[in-house]
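Remarks on the overall topology
Spelled out, the chains give:
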Amino acid sequence: GGQFLFRWFLAPFLAAAAILAFPPGTFSETEPTSLGLPENIFALRNIRVALQQGKPSAQIRIDAPYRIETIQTGEVLDERDSEAINILPIRNGLRLGDEEFKIYGIKLVNPSGRFLVGDNGYLDQLQVIRERNGTLTLINEIDIEIYLRGVLPKEVVATWPAEALKAQAVAART
């Protein structure tokens with residue numbers, strides 16, 4: 001009934017109207033507001049997608065040279081060539097292969113390749129966090145444009161009319 005009509009027809013058009021009313025570049029400031037949000041919401045380019053939570057380990061294959069950085073500051077801890085690596089939580093941090101890092105969260109940055117977690121490939125950055133309960137959380141931090149190029153083909157049928165594809169792209173951004 002009404003929910004179906006709103007979700008599939010009206011909501012995408014309302015989102016499109018909001019985008020048309022405030023297109024990228026409408027706001028010139030990127031300084032945080034009093035709420036801590038950027039004035040230009042379109043300046044927010046990355047999204048975070050949880051890939052794994054509560055697991056005792058993670059096996060990751062990396063197909064190009066990559067960096068290991070701290071999540072908080074981006075300080076480079078190590079640079080490595082492509083490899084398959086087993087990541088384990090340890091008492092005071094993380095173990096990547098044979099090397100221990102006395103830090104509870106790292107970011108793997110692979111600017112020219114991808115990360116394979118299981119059979120799924122991910123681009124950009126992969127955060128590995130050791131939780132208080134001794135398990136791991138994996139988060140893919142990725143530019144929204146790259147994310148949309150990967151996810152939209154899975155959400156739509158290529159034979160849909162062009163306007164429906166555009167509406168789905170707008171809805172996926174919101």
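Our structure's up above, just so we're on the same page.
Presented here is a report on the structure given in the accompanying data block. Worth saying up front: this structure is predicted, and the values here are computed from it rather than measured.

Moving on, we come to unusual backbone geometry. Positive phi, normally seen in glycine, also occurs at D124, with a value near 80°. With respect to the helices and strands, D124 occurs in strand 9 (residues 120–130).

Attention now goes to the nonpolar core. Core analysis: the largest hydrophobic core is formed by 20 residues, its most contacted members being I60, I87, L96, I106, L108 and V128. Of all elements in the fold, only strand 2 (58–62), strand 3 (66–70), strand 5 (83–90), strand 6 (93–96), strand 8 (105–117), strand 9 and strand 10 (136–143) reach the threshold of two or more residues within this core. The element contributing the most residues to this core is strand 8, with 4 residues. Not counting chain neighbours up to four residues away, the residues in contact with V128 comprise I71, I87, L94, Y104, G105, I106, L108, L136, T137 and L138. Core analysis: the next-biggest nonpolar cluster, separate from the first, contains 5 residues, I144, L148, V151 and A169 among them.

It is worth spelling out helix 3 (residues 162–173) at this point. Taking 1.5 Å per residue as the helical rise, helix 3 with its 12 residues ought to reach 16 Å, and the 17 Å between its terminal C-alpha atoms agrees with that figure. Of all the positions in helix 3, only A167, Q168, A169 and V170 are classed as buried.

Moving on, we get to the pattern of salt bridges. Evaluated as defined, the whole model comprises 8 salt bridges. Close ionic contact of E69 with K107 constitutes a salt bridge, the shortest N to O distance being 3.9 Å. Within this pair, whereas E69 is found in strand 3, its partner K107 is found in strand 8, the two being separated by 38 residues in sequence. Of the two residues, E69 and K107, neither departs from the other in class, the shared state being buried. Ionic pairing is found between E163 and K166, a salt bridge with its closest N-O pair at 3.3 Å. With E163 and K166 both in helix 3 and 3 residues apart, this pair spans about one turn of that helix. The exposed category is assigned to E163, whose relative accessible area is 52%.

In this section: the environment of L136. Counting through the fold element by element, L136 comes out in strand 10. When the C-alpha atoms of L136 and G54 are compared, they prove to be 5.6 Å apart, with 82 residues separating the residues in sequence. Discounting chain neighbours no more than four positions away, the residues touching L136 are Q52, Q53, G54, K55, S57, A58, I87, P89, L94, V128, I129 and R130.

Inspection of the sheet shows strand 2 paired to strand 5 by 5 bridges, in the antiparallel sense. Each residue of the ladder has a partner; that of I62, found in strand 5, is E83. Looking at chain direction, strand 5 and strand 6 are connected through 4 bridges and run antiparallel. The residue bridging P89 from the neighbouring strand is L94, located in strand 6.

This next bit is on the side chain of T135. With respect to the helices and strands, the residue T135 is situated in the loop between strand 9 and strand 10. Assessed through its relative accessible area of 15%, T135 is described here as buried. With residues near it in sequence (within four places) discarded, T135 still touches G54, K55, P89, I129 and R130.

The next thing to look at is helix 2 (residues 144–155). Over its 12 residues, helix 2 runs 16 Å from end to end, which matches the ideal 16 Å to within 8%, given 1.5 Å per residue. Among the residues making up helix 2, those that are buried are I144, L148, V151 and L152. Looking down the long axis of helix 2, one finds its buried residues gathered within 110° of arc, a one-sided arrangement. Exposed and facing more than 90 degrees away from the buried side of helix 2 are R149, P153 and K154. Where helix 2 is buried, its residues touch strand 1 (46–55), strand 10 and helix 3.

Basis of the calculations
Residues numbered from 1 in each chain as written. Predicted model: local features only at pLDDT ≥ 70, side-chain atom pairs only at ≥ 80, totals over all residues. Heavy atoms only, no water. Helix = DSSP H or I, 4+ residues; strand = E, 2+ residues; numbered from the N terminus. Core = buried A, V, L, I, M, F, W, Y, C linked by side-chain atoms within 4.5 Å. Buried < 20%, exposed > 50% of the residue type's maximum accessible area, 1.4 Å probe, protein only. Contact = heavy atoms within 4.5 Å. Expected span 1.5 Å × (residues − 1). Salt bridge = Lys/Arg side-chain N within 4 Å of Asp/Glu carboxyl O. Pairing = 2+ DSSP bridges. Arc of directions from axis to C-beta.

By themselves, these observations are geometric and do not establish any function.
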